[in-house]
Amino acid sequence: MKTRNCYIFVFNGFADWEPAIATAALNQFTDFKIIPFSTDGKKVTSMGGLEVYPATSLDKVEASDVTLLILPGGEAWDEGGNQEIIPLLQGCLDKGKTVAAICGATGFLATKGYLDHVRHTSNNLEHYLKQVAPSYKGEKLYKEVGAVRHERLITASGAKPLDFAKVIMEAFNLFENEELKTWFSYFTWEEEHKR
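Quick caveat: nothing in here was measured; it's all calculated off a predicted structure.

Calculation rules
- Residues numbered from 1 in each chain as written.
- Predicted model: local features only at pLDDT ≥ 70, side-chain atom pairs only at ≥ 80, totals over all residues.
- Heavy atoms only, no water.
- Buried < 20%, exposed > 50% of the residue type's maximum accessible area, 1.4 Å probe, protein only.
- Helix = DSSP H or I, 4+ residues; strand = E, 2+ residues; numbered from the N terminus.
- Pairing = 2+ DSSP bridges.
- Right-handed = clockwise from strand over helix to strand, strands pointing away.
- Arc of directions from axis to C-beta.
- Contact = heavy atoms within 4.5 Å.
- Axes fitted to C-alpha atoms, helices over the stretch in contact; angles between N-to-C directions.
- Nonpolar A, V, L, I, M, F, W, Y, C, P; charged D, E, K, R; others polar.
- Polar contact = N/O pair within 3.5 Å; in protein donor to acceptor, adjacent residues only side chain to side chain.
- pLDDT = per-residue confidence, 0-100.
- Salt bridge = Lys/Arg side-chain N within 4 Å of Asp/Glu carboxyl O.

A. Quick look at the pairing of strand β2 (residues 32-38). Among the seven residues of β2, five are classified as buried, and the element is accordingly described as predominantly covered. As defined by bridge partners, strand β1 (residues 4-9) adjoins β2 across six bridges and the pair is classed as parallel. When the sheet's bridge partners are listed, Arg4 is paired in β2 with Phe32. Handedness of the crossover joining β1 and β2 through helix α1 (residues 20-29): right-handed. As paired strands, β2 and strand β5 (residues 56-57) are joined by two bridges and run parallel to one another. For Ser38, the partnering residue across the bridge sits in β5 and is Ser57.

This is how it looks when you write it as structure tokens:
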């Protein structure tokens, strides 16, 4: 029986591949329930052309019901969109919930000051983060890696969805599940055997 809730924010143009490994792992091998939601609860179309019918709308999502909030990338963030997510995002952080942002969503976090005092990563420091977030002050805490966790905040480069998924699994100690651990090894087998 599903007992924990992973809410994933979907919007027109969201980068569908970025959260895919994480949500597949959570859905198949854990007690997490995956709940896609959009601003108004209506269908959205991903960057890859997938039509997604959300389970609910933003106004019906309570931070207290969230175990994990995933914010996928997409051009909307860089274009000033998705501002309506701020109250839920802040509510989740205030309640100690885990928030996982990747690609453009990390740029959004930077513009709002969320990355000024935590270890984090993004698509690139000089050519992305500083460009989209001129007021950003977290340069000294930036890590040039695929994904980073600082307490309950996870950030990742859009080029590293596997790292993003791995750090999410680690945040909840999910690799104790041998079946999940084996499934993840399929993605890294070739890389590990080159060493």
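B. Focus on helix α5 (residues 125-132). Among the residues of α5, Leu125, Tyr128 and Leu129 are the ones counted as buried. Looking straight down α5, one finds that the buried residues subtend no more than 110° of arc, so they occupy a single side. Residues His127 and Gln131 are exposed on α5 and point more than 90 degrees away from its buried face. If you follow the buried residues of α5, they end up packed against α2 (75-78) and α4 (104-111).

C. The packing of α1 against helix α6 (residues 161-171), seen in detail. The interhelical angle for the contact between α1 and α6, taken along N-to-C directions, is 40°, at an axis separation of 7 Å. Note on element contacts: α6 touches α1 through Pro161, Leu162, Ala165, Ile168 and Met169, opposite Ile21, Ala22, Ala25 and Leu26. Its residues assigned to classes, the contact of α1 with α6 comprises nine nonpolar, no polar and no charged.

D. Molecular detail of the side chain of Ser57. Within the secondary structure layout, Ser57 lies in strand β5. Judged by relative accessible area, which is 6%, Ser57 ranks as buried. Looking at Ser57, its side chain comes within polar contact range of the side chain of Asp59, at 2.4 Å. Leaving out residues up to four positions away in the same chain, Ser57 has contacts with Ser38, Thr39, Asp40 and Gly41.

E. Main features of the confidence of the model for the chain. For the chain, mean pLDDT is 95; residues scoring 70 or higher make up 95% of the total. The element-level mean pLDDT for the chain is lowest in helix α7 (residues 178-193), coming to 81, with strand β6 (residues 68-71) highest at 99.

F. Expanded view of the pattern of salt bridges. A full pass over the atoms with the stated rule returns four salt bridges. Residue Lys43 pairs with Glu51 through a salt bridge whose shortest N-O separation is 3.4 Å. Given the relative accessible area of 38%, Lys43 is considered partly exposed. Here the salt bridges do not stand alone but share partners, grouping Glu126, Lys130 and Glu139 into one network.

G. Up close: the pairing of β1. In terms of residue burial, β1 counts as a mostly covered element, since five of its six residues are buried. Note: β1 against β6, three bridges, orientation parallel. Among the inter-strand pairings, Cys6 is bridged to a residue of β6, identified as Leu68.

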